[in-house]
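# Overview (structure and organization)
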Amino acid sequence: MDCIFCKIISGDIPAKIVYEDATSIAFLDITPCAKGHTVVIPKKHYDTFQDIDENAVRDLFTSVKMVAKAVEKGTGADGSNIGLNNKKAAGQEVPHIHIHIIPRYEGDGGGAIQSIINTHPNTDNLDDLKEKIKYCFKKI
Ligand code: 5GP
Ligand code: ZN
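Note that the coordinates shown come from a computational prediction; the quantities given were computed from them, not determined experimentally.

## Some details on the site of ligand 1
Close to ligand 1 lie 15 residues, the nearest being Asp29, Thr31, Gly91, Glu93 and His98. Contact distances for ligand 1 include 3.2 Å between a nitrogen atom and a backbone N or O atom of Ile30. Side-chain polar atom of Thr31 to an oxygen atom of ligand 1: 2.5 Å apart, as the coordinates give it. In the complex, the protein chains occlude 86% of the 530 Å² of accessible area that ligand 1 would expose alone. Secondary-structure elements contributing two or more residues to the shell around ligand 1 are helix 1 (4-10) and strand 2 (24-28). At three residues, helix 1 tops the list of elements feeding residues into the shell around ligand 1. Residue composition of the shell around ligand 1, grouped by class: seven nonpolar, six polar and two charged.

Rendered as structure tokens:
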């Protein structure tokens, strides 16, 4: 498969790997947005978050927790933003799901995850929206 992250897993493309186990691997981002910006990926290829099976998501987030601790300690960060860009509309460029760990430093000028976007959506009909979302659980 022509996937850049699969090539990192296979060793065809070099990366600054900080952690690896049977199911996950973590490496420094090649264009970091903060010192220590790291991505954690499952070794098995999944395009999007919804594609990951339950065991794999458990393994992945177990790794994310450990990597986040090590990254914060190793960089001297004061905190971190941990998240993923899920699908193209959300900024996903590499179609192999990956969790970003972005170390944060007091006074670094950055914002919270929810400051990525604010379209000021209407909040008059939150009950309708709640029901629409709840209804979709029946189809999962
Ligand atoms: P996305 O927008 O898909 O969530 O982010 C993909 C991330 O992967 C970007 O932050 C980008 O810098 C990083 N990235 C893309 N190609 C490579 C690569 O070849 N090596 C490493 N280490 N990071 C990469
Ligand atoms: Zn892949």
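Structure shown, so let's carry the discussion forward.
## Describing the packing of aromatic side chains
For the structure shown, the criterion picks out two aromatic pairs. Here Phe5 and Phe27 contribute two aromatic rings whose centre-to-centre distance is 5.3 Å and whose plane-to-plane angle is 75°, an arrangement assigned as edge-to-face. Of this pair, Phe5 sits in helix 1 while Phe27 sits in strand 2, placing them 22 residues apart in sequence. Side by side, Phe5 and Phe27 carry an identical accessibility label, which is buried. An angle of 80° between the planes, with centres 6.2 Å apart, marks the rings of Phe49 and Phe61 as edge-to-face. With Phe49 in the loop between strand 3 (38-42) and helix 2 (54-75) and Phe61 in helix 2, this pair connects stretches of sequence that are 12 residues apart. You can call Phe61 partly exposed: its relative accessible area is 34%.

## As for the side chain of His37
Position of His37 among the secondary structure elements: in the loop between strand 2 and strand 3. Among the polar contacts listed, one links the side chain of His37 to the backbone nitrogen of Cys33, at a separation of 3.1 Å. Ignoring sequence-local partners within four residues, the contact set of His37 consists of Phe27, Leu28, Asp29, Thr31, Pro32, His100, Ile101, Ile102 and Pro103.

## With respect to the pattern of salt bridges
Across all of its chains, the model carries four salt bridges by this definition. Put simply, Glu20 and Lys43 hold a salt bridge, and the shortest N to O gap is 2.8 Å. Placement of Glu20 in strand 1 (residues 17-20) and of Lys43 in the loop between strand 3 and helix 2 is noted, with a sequence separation of 23 residues between them. For Asp108, the salt bridge goes to Arg104, with nearest N and O atoms at 2.7 Å. Taking the relative accessible area as the measure of exposure, Arg104 reaches 18% and is therefore buried.

So, how was this worked out
- Residues numbered from 1 in each chain as written.
- Chains lettered and ligands numbered in written order.
- Predicted model: local features only at pLDDT ≥ 70, side-chain atom pairs only at ≥ 80, totals over all residues.
- Heavy atoms only, no water.
- Near = heavy atom within 4 Å.
- Polar contact = N/O pair within 3.5 Å; in protein donor to acceptor, adjacent residues only side chain to side chain.
- Areas by Shrake-Rupley, 256 points an atom, 1.4 Å probe, with all protein chains shown as cover.
- Helix = DSSP H or I, 4+ residues; strand = E, 2+ residues; numbered from the N terminus.
- Nonpolar A, V, L, I, M, F, W, Y, C, P; charged D, E, K, R; others polar.
- Phe/Tyr/Trp six-rings, centres within 6.5 Å; stacked < 30°, edge-to-face > 60°.
- Buried < 20%, exposed > 50% of the residue type's maximum accessible area, 1.4 Å probe, protein only.
- Contact = heavy atoms within 4.5 Å.
- Salt bridge = Lys/Arg side-chain N within 4 Å of Asp/Glu carboxyl O.

Without other data, these values stay purely geometric and don't point to any function.
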